[in-house]
Amino acid sequence: SRPDLGTSMSTDSSVPTIDFGCHFLPTIEDSTIHEYITQTAGAPIHSDLDAAMDRYRRTGVDGMVLSAPPHIGSGDTEAVVRSNDALADLVAAHDQLYGLAALPVAAGGDRAAQEFQRCLDAGFNGGAIETDSDGVGITDPELEQVLEVADRTGAPLLVHPKLFESLAPG
């Protein structure tokens, strides 16, 4: 049976309960996405950090791993960097937040690996890639450089399923 969301999932109070799938999208301006999440969650937990943190506190979750799926895999390196920088600012300001950097795989493995290392150096806890980014799959040699960064640093990689062609603006 699934645990009640009103209580902590952990019976050991020294083990924190961390949500690994929080989609926080403050830099995405597509109102359709925001409206759907707000209606589903009953609060703007996708763009209002206070609302998200309040919701998680009430459900017994101690921390959140934040990522920005609409930017994961994008070839628009400037948008990915802006999104990662915005996420880094939030994570740095709150001890209960962890960050996974969006990696611009569609811009090339070298560029994605550089952004991954830049974000790890800035305090991110890992990175995020898609199962397919503009034809670059998770087993493609193009990703070897990204995997080398993960291996060298011990940083985890979230592999996010490709659900939509693009949610990011532009």
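Residues numbered from 1 in each chain as written. Predicted model: local features only at pLDDT ≥ 70, side-chain atom pairs only at ≥ 80, totals over all residues. Heavy atoms only, no water.

Below, the discussion takes up unusual backbone geometry. Positive phi, close to 50°, is recorded for Asp134, a residue that is not glycine. Positionally, Asp134 belongs in the loop between strand 5 (132-133) and strand 6 (136-137). Residue classification places Asp134 among the exposed positions, given a relative accessible area of 62%. (Helix = DSSP H or I, 4+ residues; strand = E, 2+ residues; numbered from the N terminus. Buried < 20%, exposed > 50% of the residue type's maximum accessible area, 1.4 Å probe, protein only.)

Applying the stated criterion to the full structure yields four salt bridges. Asp54 is paired through a salt bridge with Arg58; the nearest N and O atoms lie 3.1 Å apart. With Asp54 and Arg58 both in helix 2 (residues 49-58) and four residues apart, this pair spans about one turn of that helix. Between Arg118 and Glu115 there is a salt bridge whose closest N-O contact spans 2.7 Å. Taken together, the residues span about one helical turn, with Arg118 and Glu115 both in helix 4 (residues 109-121) at a distance of three residues. Its relative accessible area of 33% is what places Arg118 among the partly exposed residues. Residue Glu115 is classed as buried on the basis of its relative accessible area, which comes to 0%. The structure contains a network of salt bridges with shared partners spanning Asp85, Arg111, Glu115 and Arg118. (Salt bridge = Lys/Arg side-chain N within 4 Å of Asp/Glu carboxyl O.)

What follows concerns helix 5 (residues 144-153). Those residues of helix 5 not exposed but buried are Val146, Val149 and Ala150. Down the axis of helix 5, the buried set is contained in an arc of 95°. They therefore lie on one face. Of the exposed residues in helix 5, the ones pointing more than 90 degrees away from its buried face are Asp151 and Arg152. Buried residues belonging to helix 5 abut helix 4, strand 4 (126-130) and strand 7 (157-160). Immediately downstream of helix 5, the backbone of Gly154 shows phi near 75°, a positive value. (Arc of directions from axis to C-beta. Contact = heavy atoms within 4.5 Å.)

The subject of this paragraph is the pairing of strand 2 (residues 63-67). Within strand 2, five of the five residues are buried, which leaves it mostly tucked inside the rest of the structure. Side chains Gly63, Val65 and Ser67 project from strand 2 onto one buried face, and the interleaved Met64 and Leu66 project onto a second face that is buried too. The pairing of strand 2 with strand 3 (residues 97-102) spans three bridges and is parallel. The residue bridging Val65 from the neighbouring strand is Tyr98, located in strand 3. (Pairing = 2+ DSSP bridges.)

Right, let's talk about the pairing of strand 3 for a bit. A regular strand places its side chains on the two faces of the sheet in alternate fashion. Here strand 3 lies mainly inside the structure; five of its six residues are buried. Handedness of the crossover is the feature at issue here: the chain leaves strand 2, passes through helix 3 (residues 77-93), returns alongside strand 3, and the resulting connection is right-handed. Regarding topology, helix 4 serves as the crossover connection from strand 3 to the parallel strand 4, and that connection is right-handed. (Right-handed = clockwise from strand over helix to strand, strands pointing away.)

On the secondary structure map, Ser74 appears in the loop between strand 2 and helix 3. Among the polar contacts listed, one links the side chain of Ser74 to the backbone nitrogen of Asp76, at a separation of 2.9 Å. When residues no more than four places from it in sequence are discounted, the contact partners of Ser74 are Val80, Leu103, Pro104, Val105, Ala106 and Ala107. (Polar contact = N/O pair within 3.5 Å; in protein donor to acceptor, adjacent residues only side chain to side chain.)

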